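Read off the chains here:
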Amino acid sequence: MQDTKPVDSTLLTNIKLSRTQCLKTKTEKGKMMKVPYASRIGSLMYTMVCTRPDIGYAVEVVSRYMSNPTREPWAEVKRILRYLRGTSNVCLRFGSSNPMLEGYIDSDMSSDVDTNQSMSGYVMTYAGGVVSWQSRLQKVVALSTTEAEYMAAAEAGKEIIWMKEFIGELGIRQEEFQLHCNNQSVIHLAKNAAYHSRTKHIQRRYHWLRERVEEKEFALVKIHTAENGSDMLTKVLSAEKLNVCRQRVGLVKYPMLE
């Protein structure tokens, strides 16, 4: 892929990958057996875990087909490599006049077309740069966008509490820790225990979030969707929106690498 034409987005916006796109002939299966699919996914995972959260969602999607790869997901794997080829000068940058630990959360309802499971994503930033991120399918099927966002917030809440204790051991003190969410219903649900007429079926483990908000371990704060940097971890974005999300979490182009 060294001499391939670069692209400015990780996945095609109009493609829907599914496990039903299986190989039907022995010839097709024979060709795919020669493709180093698992090896490429492993390399992409290493890149994503170390320095490139912007490919987190794309890597999660294509890794679903490790056991039975087909031509469509393989084409998307190569597109991710083309994206990295065109953004090899993008790196993490830290530095802020107000160094604070804060998180951003998002979800995408029924992201997986095969199981209808929703996608959860979060990023934790400190001093203007991302220090922790995750993009993962939820374990249960959500019945509403509020439920999907609520479960995503619970996962992000566990992460920010762990990081809160971690920076405390380093001697760093911070008055308030905030999780930014673009769903107002989730904020109401986390703050008001009586607000459960349509959400009483949600598993108790996710109501842990309500207890932590009540104990003021962290605060859920409303943020506009356009300013939510975790969007890139839950859905396919256009090149313009992906670039905005990168900048929000401190992923910038380094001039000296151009």
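Anyway, here's the lowdown on the structure attached to this text. (Residues numbered from 1 in each chain as written. Predicted model: local features only at pLDDT ≥ 70, side-chain atom pairs only at ≥ 80, totals over all residues. Heavy atoms only, no water.)

### Remarks on the overall build of the protein
Here is the rule: Secondary structure follows DSSP: runs of H or I at least 4 residues long count as helices, runs of E at least 2 residues long count as strands, and numbering of each begins at the N terminus. We compute the radius of gyration over the C-alpha atoms and compare it with the globule rule, which gives 2.2 Å times the number of residues raised to the power 0.38. Accessibility here uses a 1.4 Å probe with only protein chains present; expressed as a share of the type maximum, an area under 20% marks a residue as buried, one over 50% as exposed, and anything in between as partly exposed. Working definition of accessibility: Shrake-Rupley area with a 1.4 Å probe, residue cover restricted to the visible protein chains. Charge assignment in this entry is limited to Lys and Arg as positive and Asp and Glu as negative, and neither His nor the chain termini are counted. All charge positions are set by atom: Lys at NZ, Arg at CZ, Asp at CG, Glu at CD.
Summing up its helical and strand segments, the protein has eight helices and seven strands in all. Over its C-alpha atoms the protein spans a radius of gyration of 19 Å, differing by no more than 12% from the 18 Å that the globule rule assigns to 258 residues. Viewed in the frame of its principal axes, the protein has a C-alpha envelope of about 60 × 50 × 30 Å. A total of 258 residues make up the protein; the buried ones form 47% of that total. Here the protein has roughly 13,800 Å² of accessible surface; of this, 50% comes from carbon and sulfur atoms. Mean positive and mean negative side-chain charge positions of the protein (36 and 28 charges, respectively) differ by 7 Å.

### Some thoughts on unusual backbone geometry
A positive phi is found at Asn116, a non-glycine position, where the angle reads about 65°. Tracing the backbone through its elements, the reader meets Asn116 in the loop between strand E2 (101-108) and strand E3 (119-126). Classification of Asn116 as partly exposed rests on a relative accessible area of 40%. Phi is positive for Ala127, which is not a glycine, with a value near 55°.

### Topic: the side chain of Gln117
Applied cut-off: In what follows, residue pairs with any heavy atoms lying within 4.5 Å of each other are defined as contacts.
Positionally, Gln117 belongs in the loop between E2 and E3. Residue class for Gln117 comes out buried when judged on its relative accessible area of 16%. Excluding residues that lie within four positions of it along the chain, Gln117 makes contacts with Ser110, Ser111, Asp112, Leu137, Gln138, Lys139, Val140 and Val141.

### Thoughts on the pairing of E3
Here is the rule: In this description, strands pair whenever DSSP reports at least two bridges between them.
Counting buried positions over the eight residues of E3 gives seven, a clear majority of the element. Bridging between E2 and E3 involves eight bridges; their strand directions are antiparallel. Bridging across to E3, Ile105 finds its partner in Tyr122. Relative to strand E4 (residues 129-137), E3 runs antiparallel, the two being bridged by eight bridges. Along E4, the bridge assignment pairs Tyr126 with Gly129. Hairpin connection, E3 to E4: the antiparallel pair is bridged by two residues, and Ala127 has positive phi, about 55°.

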